[in-house]
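A look at the structure
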Amino acid sequence: MCHAPPKLNLKPTRKSNVGDEVIPERKKLRAAKRIVIKIGTKSLTGDNSKLDQKKVGKFVSDIMALRKLGKEVLIVTSGAIGAGVGRLGLPKRPKQLPALQAAAAVGQVKLMEVYEKNFGAHNQTISQLLLSSEDFTDPTRYNNFKNTLSTLLQWGVIPIINENDTVATDEIRVGDNDVLSAYVAKGAKVGLLILLSDIHGLYDGSPTDGESVMIPLVRRVTPKIERSVLKSSGGFGGMFTKVQAARMASEAGIPVVIANARAKDVLMRIIEGEEVGTLFLPRGD
Ligand code: GLU
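Note that the structure is a prediction, hence the values are computed from the model and not measured.

This part takes up helix α7 (residues 177-187). Counting buried positions along α7 yields nine of 11 residues, so the element is predominantly enclosed. Turning to α7, its buried residues are Asn177, Asp178, Val179, Leu180, Ser181, Ala182, Val184, Ala185 and Gly187. At the N-terminal end of α7, a side-chain oxygen is found 2.8 Å from the backbone nitrogen of Asp178, two or three residues along, and the residue is Asp176. One or two residues past the end of α7 sits Lys189, with phi positive at roughly 50°.

Close contacts around the ligand come from Ser78, Gly79, Ala80, Ile81, Asn162, Asp165, Asp176 and Asn177, and that covers them all. Residue Ser78 places a side-chain N or O atom 2.7 Å away from an oxygen atom belonging to the ligand. Within the contact set of the ligand, a nitrogen atom lies 2.7 Å away from a side-chain nitrogen or oxygen of Asp165. Bound to the protein, the ligand loses 84% of the 300 Å² it would expose on its own.

Once that is clear, we can look at the packing of helix α8 (residues 223-232) against helix α9 (residues 239-251). Packing of α8 against α9 leaves a shortest axis separation of 8 Å and a crossing angle of 160°. In terms of their interaxial angle, α8 and α9 are classed as roughly antiparallel. Where α8 crosses over α9, the handedness of that crossing is right-handed. On α9, the residues that touch Glu226, Val229 and Leu230 of α8 are Met239, Phe240, Val243, Gln244 and Arg247. Its residues assigned to classes, the contact of α8 with α9 comprises five nonpolar, one polar and two charged.

This paragraph deals with the packing of aromatic side chains. Summed over all chains, the structure comprises six aromatic pairs. Consider the rings of Phe136 and Tyr183, whose centres lie 5.1 Å apart with planes at 25°: the pair is stacked. Placement of Phe136 in helix α5 (residues 134-137) and of Tyr183 in helix α7 is noted, with a sequence separation of 47 residues between them. The class of Tyr183 is partly exposed, set by a relative accessible area of 32%. Chaining the aromatic ring pairs together yields one cluster made of Phe136, Tyr142, Phe145 and Tyr183.

Another aspect to go through is the confidence of the model for the chain. Detailed reading of the predicted coordinates is not advisable wherever pLDDT falls low. Looking at the chain, the pLDDT average stands at 88 and 89% of residues meet or exceed 70. Contacts of residues 1-20 to residues separated by more than four positions or lying in other chains number 47 contacts, the stretch itself having pLDDT below 50.

By secondary structure assignment, the location of Ser78 is in the loop between β3 (72-77) and α3 (80-88). With a relative accessible area of 12%, Ser78 lands in the buried category. Excluding anything up to four places from it in sequence, Ser78 contacts Lys38, Ile39, Gly40, Thr41, Leu44, Leu111 and Asn177.

A complete count under the given rule lists 12 salt bridges for this structure. Measuring nitrogen to oxygen at the nearest pair gives 3.1 Å for the salt bridge that ties Glu113 to Lys110. Linking Glu113 with Lys110, this pair stays in helix α4 (residues 97-120), spanning three residues, or about one helical turn. When the shortest N-O distance is used, the salt bridge between Glu251 and Arg283 registers 3.7 Å. Of this pair, Glu251 sits in helix α9 while Arg283 sits in the segment after β9 (278-280); the two residues are 32 residues apart in sequence, bridging distant segments of the chain. Accessibility expressed as a relative area gives 43% for Arg283, which makes it partly exposed. Where salt bridges share partners, they join Glu226, Arg247, Glu251 and Arg283 into one cluster.

Within the secondary structure layout, Asp47 lies in the loop between β2 (34-39) and α2 (53-68). For Asp47, a relative accessible area of 88% translates into the label exposed. Spatially, the C-alpha atom of Asp47 lies 9.5 Å from that of Gly86, the residues being 39 residues apart in sequence.

The next thing to look at is the nonpolar core. Side chains that are nonpolar tend, in soluble globular proteins, to be buried together. Core analysis: the biggest nonpolar cluster contains 46 residues, and Ile37, Tyr115, Phe119 and Leu196 have the highest contact counts within it. Counting residues per element, this core draws most heavily on α4, which supplies eight residues.

Relative to the 22 Å expected for 16 residues at 1.5 Å per residue, helix α6 (residues 139-154) spans 22 Å between its end C-alpha atoms, a close match to the ideal helical length. Within the span of α6, buried status applies to Phe145, Leu149, Leu152 and Leu153. Burial along α6 is one-sided: seen end-on, the buried residues are contained in an arc of 95°. Exposed residues pointing more than 90 degrees away from the buried face of α6 are listed as Pro139, Thr140 and Gln154.

Reading the values: rules and limits
- All residue numbers here refer to positions counted from 1 along the written sequence of the relevant chain.
- Predicted model: local features are reported for residues with pLDDT of at least 70 only, side-chain atom pairs are reported and counted for 80 or more only, and whole-chain, interface and lining totals are derived from all residues.
- The basis for every side-chain value is the complete set of non-hydrogen atoms in the structure, without hydrogens or water.
- Under the scheme applied here, a residue whose accessible area is under 20% of the maximum for its type counts as buried, over 50% as exposed, and between as partly exposed, the area being computed with a 1.4 Å probe on protein chains only.
- Going along the chain from the N terminus, every DSSP run of H or I of four or more residues is numbered as a helix, and every run of E of two or more is numbered as a strand.
- N or O atoms within 3.5 Å of each other form a polar contact, as long as, within protein, one can give a hydrogen and the other can take it, and as long as residues adjacent in sequence are counted only when both atoms are side-chain atoms.
- Summary of the distance rule: residues count as near a molecule or strand when at least one heavy atom falls within 4 Å of that molecule or strand.
- For every accessible area listed, the method is Shrake-Rupley and the probe measures 1.4 Å; residues are considered covered only by the protein chains on display.
- Axis definition: a line fit to C-alpha positions, over the contact stretch in the case of helices; interaxial angles, taken between N-to-C directions, run 0 to 180 degrees.
- An angle below 35 degrees is read as roughly parallel, one above 145 as roughly antiparallel, one from 65 to 115 as roughly perpendicular, and any other as oblique.
- By convention the crossing between two helices is left-handed if the near helix lies anticlockwise of the far one by an angle smaller than a right angle, and right-handed if it lies clockwise.
- In what follows, a contact means two residues having at least one pair of non-hydrogen atoms within 4.5 Å.
- Note on residue categories: nonpolar means Ala, Val, Leu, Ile, Met, Phe, Trp, Tyr, Cys or Pro, charged means Asp, Glu, Lys or Arg, and polar means any other residue, Gly included.
- The rule is short: rings of Phe, Tyr and Trp, with Trp giving its six-membered ring, pair when the centres are within 6.5 Å, and they are stacked under 30 degrees, edge-to-face over 60, tilted in between.
- Within a predicted model, pLDDT stands for the predictor's per-residue confidence, ranging from 0 to 100.
- Note on definitions: salt bridges are taken to be side-chain nitrogens of Lys or Arg within 4 Å of carboxyl oxygens of Asp or Glu.
- Residues enter a nonpolar core if they are buried and are Ala, Val, Leu, Ile, Met, Phe, Trp, Tyr or Cys, with the set joined through side-chain atoms within 4.5 Å.
- Expected span of a helix: the number of residues minus one, times 1.5 Å.
- For this quantity, the arc is that covered by the directions from the helix axis to the C-beta atoms.

Now the structure itself:
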């Protein structure tokens, strides 16, 4: 099955995910001083739903390479529910909300333990921030959140952020961590948002369709693009929420890159302006 490529505002790729051509828009990413990096559950866990030390280790050393360049890094991480399922030895991800929330409570500890161990090996101090939607809608809480963030960054500490899953219900959920990362990017006034996933970037059709090609550059996320992504992603999660997050951040003037967490030196290559993943240009460019 081949979906017609969404043509408007898109520049189809000549080759996917590799290359050393530095386009001017990519070059600008080098200037980003403060960066939010969001990583998804699949990029941190293995088939048994346990946290995969190798995957976490790679992510952490990719981040440390940016820290050595003097970049301020904020992490938005998923993986609490997944790690909880693995830790509890549950046969599969539960469906009921209380069980999901309880699994998150167990898994969040494991998640931070693994981050602490890996960042500790680099002598990098980390912190944990668990947020819910009120932290962005209530002005006092939002202000407190921003002040805490800026103090942590001033101290050279990496904030590691997740949704406060144990108290979040559908009504008060931020949504998902893609959207959460866009909120954080706006609140922290970052120069770049990177969404790391198990897929190379945004495709012009279903990524499982061999004929689909990755799109290196999106000038503006239009409703047409959102509809097309919704259709090709089967109508749920995954790329759709990433594109939503990309729209929110880019409309706030923040460039966004969607890239594959497994790609070699992925963060460094993005920062050096290589053509990695899909770049969403900030509004105003
Ligand atoms: N907060 C959830 C977790 O840590 C993940 C939500 C998401 O990935 O969108 O498991």
